[in-house]
Amino acid sequence: SAVISQKPSRDICQRGTSLTIQCQVDSQVTMMFWYRQQPGQSLTLIATANQGSEATYESGFVIDKFPISRPNLTFSTLTVSNMSPEDSSIYLCSVWLSGTGTYEQFFGPGTRLTVL
Amino acid sequence: RKEVEQDPGPFNVPEGATVAFNCTYSNSASQSFFWYRQDCRKEPKLLMSVYSSGNEDGRFTAQLNRASQYISLLIRDSKLSDSATYLCVVNGAGNMLTFGGGTRLMVKP
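Residues numbered from 1 in each chain as written. Chains lettered and ligands numbered in written order. Predicted model: local features only at pLDDT ≥ 70, side-chain atom pairs only at ≥ 80, totals over all residues. Heavy atoms only, no water.

**Student:** Before we go on, may I ask you to explain unusual backbone geometry in this structure?
**Tutor:** What is expected of a backbone is that most residues other than glycine have negative phi and most peptide bonds are trans. At the junction of Lys7(A) and Pro8(A), the peptide bond is cis and its omega measures out at -10° in the coordinates. The topology assignment puts Pro8(A) in the loop between strand S1 (4-7) and strand S2 (10-13). The peptide bond linking Gly9(B) to Pro10(B) adopts the cis configuration, its omega dihedral lying at 10°. Mapping Pro10(B) onto the fold places it in the loop between strand S1 (4-6) and strand S2 (11-14). Even without a glycine there, the phi angle at Asn82(A) is positive, about 45°. With respect to the helices and strands, the residue Asn82(A) is situated in the loop between strand S8 (75-80) and strand S9 (89-98). Classification of Asn82(A) as exposed rests on a relative accessible area of 54%. We note that Gln69(B) has phi near 55°; this positive angle belongs to a residue other than glycine. Mapped onto the elements of the fold, Gln69(B) is located in the loop between strand S7 (60-65) and strand S8 (70-75). (Helix = DSSP H or I, 4+ residues; strand = E, 2+ residues; numbered from the N terminus. Buried < 20%, exposed > 50% of the residue type's maximum accessible area, 1.4 Å probe, protein only.)

Now the structure itself:
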């Protein structure tokens, strides 16, 4: 199984500021995914981060609000820009890797963001 | 209509009970199907993949009905530790997963 770490694990931020979330994987992967899980909701895909190219954003998410970096095959960052209370959420990164006998998507532990 | 729909619950069951969760998906071109488990304040983790022929893993049985676009998860002999949210997940194009809203299970002593 993969080891995926995220920093920070949680943060409380003021509106109008920005926060950069880091995701580190212990294996080289082509694609990394960023999800958002709002309180009481399920996961929504924000974007797919490919090494060496621009991220691909899902409907409702734009690069200016959620810029993503993917400098190498084991690392990615997601920035939540010009935050508002509506951005309060858990942000998770994930990758596809071989698990125990199957190919599965592993998730990082998440970053819990509260915007005041 | 949501792409993946689940009854949010909660399902409150006694230990030892059998409980079944259902899920429907809208994209007939979906290729892969999964059940993930998410504990409170934790990330989702794969519980089991769902195969066309149906598959079983211990107390857990998953079924897929492509004609009806319907997936199920059956848990037998429920344990307290089964209490969690169960997410129905569908894989469409490009290895992108679409998550259902989750079904919350509470197993009581």
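**Student:** Whenever I open this one, the sheet that holds S7(B) confuses me. Can you help?
**Tutor:** Sheets are built from strands that pair by backbone hydrogen bonding, the pairs being arranged parallel or antiparallel. All names here are of chain B. The antiparallel open sheet is built from 5 strands, whose spatial order is S1-S3-S8-S7-S6. In this open sheet, the two edge strands, each paired with only one partner strand, are S1 and strand S6 (55-57). Geometrically, the sheet is characterised by an average inter-axis angle of 20° between neighbouring strands, direction not taken into account. Bridge analysis of S1 against strand S3 (residues 19-25) gives 3 bridges, and the strand direction is antiparallel. Looking across to S3, one finds that Gln6 is bridged to Cys23. (Pairing = 2+ DSSP bridges. Axes fitted to C-alpha atoms, helices over the stretch in contact; angles between N-to-C directions.)

**Student:** Could you clarify how one ought to interpret the pairing of strand S10 (residues 103-107) of chain A in this entry?
**Tutor:** Successive side chains on a regular strand alternate, one facing one side of the sheet and the next facing the other. Residues and elements named next belong to chain A. With 4 of 5 residues buried, S10 lies mostly within the body of the structure. Judged from the 5 bridges that link them, S9 and S10 form a sheet pairing that is antiparallel. Across the sheet, the residue bridging to Ser98 is Tyr103, located in S10.

**Student:** For this particular structure, what's the right way to read the pattern of salt bridges?
**Tutor:** Once their charged atoms are close, side chains differing in charge can pair, the charge on each being opposite to the other. Residue and element names in this part refer to chain B. Tallied over the full model, the rule gives 5 salt bridges over all chains. For Lys79, the salt bridge goes to Asp77, with nearest N and O atoms at 2.9 Å. When its relative accessible area of 35% is taken as the criterion, Asp77 is described as partly exposed. (Salt bridge = Lys/Arg side-chain N within 4 Å of Asp/Glu carboxyl O.)

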